[in-house]
Amino acid sequence: MPATERFWISEPKLHNVTRSLAGVLLIMYVGLEIRAFWQGPVLTESGVVLEELYSYTVAMLIFSVGLIAFASVKQRKRVGQLGLAFIIMTCLKVFFIDMSGLYGLARATSFIGLGLTLVGIAWANKRFLSFDTSDTREEPELKPQQDQA
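Everything in this summary refers to the structure shown in the same document. Source: prediction; values computed, not measured.

### Describing the nonpolar core
Line of reasoning, step 1. Counting residues in hydrophobic clusters, the biggest one holds nine residues: Ile68, Leu84, Ile87, Cys91, Val94, Met99, Leu102, Leu114 and Ile121.
Line of reasoning, step 2. Among the elements of the structure, helix H4 (77-96) and helix H5 (105-128) are those that each provide at least two residues to this core.
Line of reasoning, step 3. Excluding its chain neighbours within four sequence positions, the residues that come into contact with Met99 are Val94, Arg107, Ser110, Phe111 and Leu114.

### Things to note about the environment of Leu32
Line of reasoning, step 1. Topologically, Leu32 is positioned in helix H2 (residues 12-39).
Line of reasoning, step 2. Sequence spacing of Leu32 and Leu43 is 11 residues, and the spatial spacing of their C-alpha atoms is 8.0 Å.

### Considerations on the layout of surface pockets
Line of reasoning, step 1. Within this model, the largest pocket holds a volume of roughly 560 Å³.
Line of reasoning, step 2. Arg19, Ser20, Leu67, Val79 and Leu82 are, among the 17 residues lining the largest pocket, the residues nearest its centre.
Line of reasoning, step 3. The set of elements that each furnish at least two residues to the lining of the largest pocket consists of H2, helix H3 (50-74) and H4.
Line of reasoning, step 4. Ranked by residue count, the leading element in the lining of the largest pocket is H2, at eight residues.
Line of reasoning, step 5. Considered class by class, the residues forming the lining of the largest pocket number 11 nonpolar, three polar and three charged.
Line of reasoning, step 6. Space inside the second largest pocket adds up to approximately 240 Å³.
Line of reasoning, step 7. Looking at the second largest pocket, the residues that line it are Ile27, Val30, Gly31, Ile34, Tyr56, Ala59, Met60, Ile62, Phe63, Phe86 and Met89.

### Topic: the pattern of salt bridges
Should the charged atoms of two oppositely charged side chains come close, the side chains can pair.
Line of reasoning, step 1. Tallied over the entire structure, the rule returns two salt bridges.
Line of reasoning, step 2. Here Glu52 ties to Arg35 by a salt bridge, and the two come within 3.2 Å at their closest N and O atoms. Placement of the pair is Glu52 in helix H3 and Arg35 in helix H2, with a sequence separation of 17 residues.
Line of reasoning, step 3. A residue is classified by how much of its surface remains accessible, and Arg35, at 12% relative accessible area, is buried.

### With respect to the packing of H2 against H3
Line of reasoning, step 1. One can describe the packing of H2 onto H3 by two numbers: an axis separation of 10 Å at closest approach and a directional angle of 155°. Viewed along their axes, H2 and H3 adopt a mutual orientation that is roughly antiparallel. By crossing handedness, the relation of H2 to H3 is classed as right-handed. Mapping the contact onto sequence places Leu26, Ile27, Val30, Gly31, Ile34, Arg35, Trp38 and Gln39 in H2 and Glu51, Glu52, Ser55, Tyr56, Ala59 and Phe63 in H3.
Line of reasoning, step 2. Classifying every residue of the contact of H2 with H3 by side-chain character gives eight nonpolar, three polar and three charged.

### Things to note about a nonpolar patch on the surface
Line of reasoning, step 1. Residues Ile88, Leu92, Phe95, Phe96, Ile97 and Phe111 make up a contiguous nonpolar surface patch of about 570 Å² in total accessible area.
Line of reasoning, step 2. At four residues, the largest contribution of residues to the nonpolar patch is made by H4.
Line of reasoning, step 3. Of note, Leu92 is situated in helix H4.
Line of reasoning, step 4. The partly exposed category is assigned to Leu92, whose relative accessible area is 44%.

What counts, and where the lines are drawn
- Residues numbered from 1 in each chain as written.
- Predicted model: local features only at pLDDT ≥ 70, side-chain atom pairs only at ≥ 80, totals over all residues.
- Heavy atoms only, no water.
- Core = buried A, V, L, I, M, F, W, Y, C linked by side-chain atoms within 4.5 Å.
- Buried < 20%, exposed > 50% of the residue type's maximum accessible area, 1.4 Å probe, protein only.
- Helix = DSSP H or I, 4+ residues; strand = E, 2+ residues; numbered from the N terminus.
- Contact = heavy atoms within 4.5 Å.
- 1 Å grid on protein atoms, 1.4 Å probe; cavity = no way out; pocket = protein on both sides within 12 Å on 5 of 7 lines; lining within 4 Å.
- Points joined across faces, edges and corners; volume = space filled by probe spheres on them.
- Nonpolar A, V, L, I, M, F, W, Y, C, P; charged D, E, K, R; others polar.
- Salt bridge = Lys/Arg side-chain N within 4 Å of Asp/Glu carboxyl O.
- Axes fitted to C-alpha atoms, helices over the stretch in contact; angles between N-to-C directions.
- Parallel < 35°, antiparallel > 145°, perpendicular 65-115°, else oblique.
- Left-handed = near helix turned anticlockwise from the far one by under 90°.
- Patch = residues over 30% accessible without salt bridge, like charges linked within 9 Å, V, L, I, M, F, W, Y side chains within 5 Å.
- Areas by Shrake-Rupley, 256 points an atom, 1.4 Å probe, with all protein chains shown as cover.

Here it is, written out as structure tokens:
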């Protein structure tokens, strides 16, 4: 990837294309590796085991946290927003797919855990992704007018 970025140094839009393509390829690679780990060499078999679903969730969460950490260190707001979008997708996956097979106390505990996770995400968003976007211009100070009587 760095070699292609050096080749396209004059086109900043192509930098974004290269980075996006690298991200998509990384996601595909990790997804296929998880599938191969749980299903063996034949990836086209139907059905998904529960552990495989949880592995996808953990991988999505690690990828999201990595994006947010990168955005926090490099002060890249768009990357942070992308990380938050991936965390929202992960939470939706957990809510609709992973928790659908749980019942009773396990389901209630999982909902509480998901709620606490969302509170933690909101805190992390406020703490780490609140970049200072204020301009260097200062507003004029308003002084009270004195009566001229």
